[in-house]
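The lines below spell out each chain.
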Amino acid sequence: MKLKSAAPLLLALASAGCNNQPTPVAFDVKALMATQVQPTAETYWNSVQYISDAAGSRKIEPKTDADWARTQEAAAKLREYGEKMKSPAVSAGRGTDWADYAQGLTDIATQAEQAAKERNPDKVFQIGGSIYNVCSACHEVYMPSPGGGSPAVAGATAAETPAK
Ligand code: HEC
């Protein structure tokens, strides 16, 4: 009987504690990352790859207009995500350097877009590496367990992105 009555009290205390915390950031960065940023970055990274394996060395790069358009569009979207992350809705309650990291993504994505416009595979490849570094820099500071899942490296892209 005593235990039964103690439980609601503990719950009440726990939620009172929560109310003293700073207002939680409402925007779901995790979802944005998982469903938008990561897949879009992969589209960009995967568009130019230098593969060297048992079958020899080969190069994958955009060939058709549609291929290049996809690469360019991915870069443009990454730029928008950078802008979005810089917006008050997302940056509220975070450190002052958050906006700098977000701006970093916007800046590198602008270069990425330009490289795709120029249809320059080497440049796309090179900037792809820089994008990875920009992702990682923010993760080092703001991801709950940076490096834990190496989120920016996935499958085939692992070979092209510098392991930090
Ligand atoms: C301005 C900061 C910032 C930038 C720039 C950034 N991220 Fe993130 N990212 C985060 C934060 C914060 C989390 C952790 C979110 C959480 O777990 O609540 C995260 C988490 C992730 C995750 C894990 C999502 C999950 O389901 O747990 C992936 C994948 C990811 N980011 C990919 C990327 C990629 C790819 C880029 C670059 C193109 C990038 N991020 C750039 C802040 C950033």
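Residues numbered from 1 in each chain as written. Predicted model: local features only at pLDDT ≥ 70, side-chain atom pairs only at ≥ 80, totals over all residues.

Draft legend 1. A look at the overall build of the chain. For the chain, the count of helices and strands is six helices and two strands. The helix and strand sequence of the chain, counted from the amino end, reads α-α-β-β-α-α-α-α. The proportion of buried residues among the 164 residues of the chain is 23%. In the chain, the share of contacts with a sequence separation of at least 24, taken over all contacts with a separation of at least 6, comes to 67%. (Helix = DSSP H or I, 4+ residues; strand = E, 2+ residues; numbered from the N terminus. Buried ≥ 20, exposed ≤ 12 C-beta atoms within 10 Å, placed from the backbone. Contact = placed C-beta atoms within 7 Å.)

Draft legend 2. View of the packing of helix 3 (residues 65-86) against helix 5 (residues 97-117). At a minimum axis distance of 8 Å, the contact between helix 3 and helix 5 shows a crossing angle of 165°. Regarding the angle of helix 3 to helix 5, the classification is roughly antiparallel. Read as a crossing pair, helix 3 and helix 5 show a hand that is left-handed. Seen from helix 3, the contacting residues are Trp-68, Thr-71, Gln-72, Ala-75, Ala-76, Leu-78, Arg-79, Tyr-81, Gly-82, Glu-83, Met-85 and Lys-86; seen from helix 5, they are Ala-99, Ala-102, Gln-103, Leu-105, Thr-106, Ala-109, Thr-110, Ala-112, Glu-113, Ala-116 and Lys-117. Looking at the contact of helix 3 with helix 5 residue by residue, the class counts come to twelve nonpolar, six polar and five charged. (Axes fitted to C-alpha atoms, helices over the stretch in contact; angles between N-to-C directions. Parallel < 35°, antiparallel > 145°, perpendicular 65-115°, else oblique. Left-handed = near helix turned anticlockwise from the far one by under 90°. Nonpolar A, V, L, I, M, F, W, Y, C, P; charged D, E, K, R; others polar.)

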